[in-house]
Amino acid sequence: MAFSSNSVTARARAVFGRALTPQELTELSEKRSVSDAAAFLKTTRRYGETLRDIEPASIHRGQLETLLSKTAFDILSSFRRFDFTESKWFFRQVVTRLEAEQVLYAVESVADGSTYGYILALPEFLIRESHLDLLELGRAKSFADISEKLAGTDFGRVLEPLLREAQSTGKINIRECERRLYTHYYLACMKTVNRLFRGARKDELRRAILKSIDMRNVVTCCRMRAFGYDADSAGAKLLPFRYRLSPEAVSRLMQEQDISRIEQSLAELGYRTDGGAQFQTVEQLTDKISLDFFRRTLRISQNSSTVYFCLIECLETELHNVKTIIEGIRYGIPSAEIREMLVL
């Protein structure tokens, strides 16, 4: 029997409540080795179960990050055991997004000649759920191999023109691959939302997804400006979905030169943060805007579909924070500097 909407919402909020606290993130950032970080994470409510059987002294960064990713994956998967409707669809979208990331990673690995690293980094937990043969994809040595291994899949159809061109030139536009893969992913999300939901529930969920896309597009705008693109040229590089990021808003953003001005322009669009934090990068700013929105919505929404989507996004940000800390520890970055990189 499926969970009621109230039960799904209550479960999602309980999961959110087990997030690492700012104090725990501070303590983690003060560890001086990956082993120390693993030992600390083993004591937390969020990651303790997954890390229960590991030996911190012998784990390396890649292994630890894979286990942390598995924690978030298992949390989202756990909803399927109780709710066979909305959570089942949402989890499939999570898998699809992870598949898109792996396809992009495979293309990048062939482009820079590091295909061995793809196999090493391939998460075992995703292999079990994926509709793709990720191990075979990891054996690709050329763009022709990737095209062959993706034949008959949506990913293959989306990337085929770029892969075909790359076979003759030896080069591929990674950013365009990324744009096409995420366009396909979000288009599938929107189609499914339109099919499964009606009325206010559909409107609220679409709004949450479109706001997430807007923030991705803001980052792309700023990257394009840094490479000398004008607003019209940059517009062609954006995901083709909009909420508040109109062509006029894109044009204004393309004129801004510093973070504070970008923050002000986004505030004028209604995209604000909940606090007075200082931001080092556009990515940090947009991630904070998104996180504040998802936190608020997760707490107050009565729509279980929207709450579940917000949980996915919050878990992703938490995982990114933890991985940022571990990476900083590995490279000996002072803890204060690590904390300045986090999205809290």
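It should be noted that the structure appears before, not after, this text.
Residues numbered from 1 in each chain as written. Predicted model: local features only at pLDDT ≥ 70, side-chain atom pairs only at ≥ 80, totals over all residues. Heavy atoms only, no water.

(A) Molecular detail of the overall build of the protein. On a plain count of helices and strands, the protein comes out with 18 helices and 0 strands. A compact globule built from 344 residues should have a C-alpha radius of gyration of about 20 Å, and the protein, at 20 Å, falls within 12% of that. Counting only C-alpha atoms and orienting by the principal axes, one finds that the protein spans roughly 50 × 50 × 45 Å. Relative to its 344 residues, the protein shows a buried fraction of 49%. When contacts within the protein are restricted to residue pairs at least 6 apart in sequence, long-range pairs at least 24 apart make up 63% of them. Distance from the positive charge centre (50 side chains) to the negative charge centre (46 side chains) of the protein: 5 Å. (Helix = DSSP H or I, 4+ residues; strand = E, 2+ residues; numbered from the N terminus. Rg over C-alpha atoms; globule rule 2.2 N^0.38 Å. Buried < 20%, exposed > 50% of the residue type's maximum accessible area, 1.4 Å probe, protein only. Contact = heavy atoms within 4.5 Å. Lys, Arg positive; Asp, Glu negative; His and termini not counted. Charge placed at Lys NZ, Arg CZ, Asp CG, Glu CD.)

(B) Up close: the nonpolar core. Of all hydrophobic cores here, the largest spans 66 residues; its most connected members are L159, I172 and L311. Among the elements that take part in this core, helix α5 (residues 86–112) stands out by supplying 11 residues, more than any other. In terms of nonpolar packing, the next biggest core, distinct from the first, is built from 22 residues, M215, A234, V282 and I289 among them. (Core = buried A, V, L, I, M, F, W, Y, C linked by side-chain atoms within 4.5 Å.)

(C) Structural detail: the packing of aromatic side chains. Evaluation of the coordinates by the stated rule reveals 7 aromatic pairs. When the ring of F79 is compared with that of Y308, the centres are 4.8 Å apart and the planes differ by 80 degrees; the resulting orientation is edge-to-face. Separated by 229 residues along the polypeptide, F79 in the loop between α4 (61–78) and α5 and Y308 in helix α17 (residues 304–330) bring together distant segments of the chain. Overall, Y308 belongs to the buried group, its relative accessible area being 1%. Among the aromatic residues, those joined into a cluster by ring pairs are Y182, Y185 and Y186. The ring centre of F79 lies 5.1 Å from the NZ or CZ of R11, which sits over that ring. (Phe/Tyr/Trp six-rings, centres within 6.5 Å; stacked < 30°, edge-to-face > 60°. Lys NZ or Arg CZ within 6 Å of the ring centre and 35° of its normal.)

(D) Region of the structure containing the pattern of salt bridges. Counted under the stated rule, the structure contains 21 salt bridges. Here E49 makes a salt bridge to R52, at a shortest N to O gap of 3.2 Å. With a relative accessible area of 54%, E49 lands in the exposed category. Taking the relative accessible area as the measure of exposure, R52 reaches 49% and is therefore partly exposed. R61 is the partner of E327 in a salt bridge, and the nearest nitrogen-oxygen pair spans 2.9 Å. (Salt bridge = Lys/Arg side-chain N within 4 Å of Asp/Glu carboxyl O.)

(E) Seen up close, helix α11 (residues 174–196). Look at α11: 33 Å from first C-alpha to last across 23 residues, which is about the 33 Å you get at 1.5 Å a residue. Structurally, the start of α11 carries an N-cap: the backbone nitrogen of R175 is 3.2 Å from a side-chain oxygen of N173. (Expected span 1.5 Å × (residues − 1). Polar contact = N/O pair within 3.5 Å; in protein donor to acceptor, adjacent residues only side chain to side chain.)

It is worth stressing that arrangement in space is one thing and function is another; only the former is reported here.
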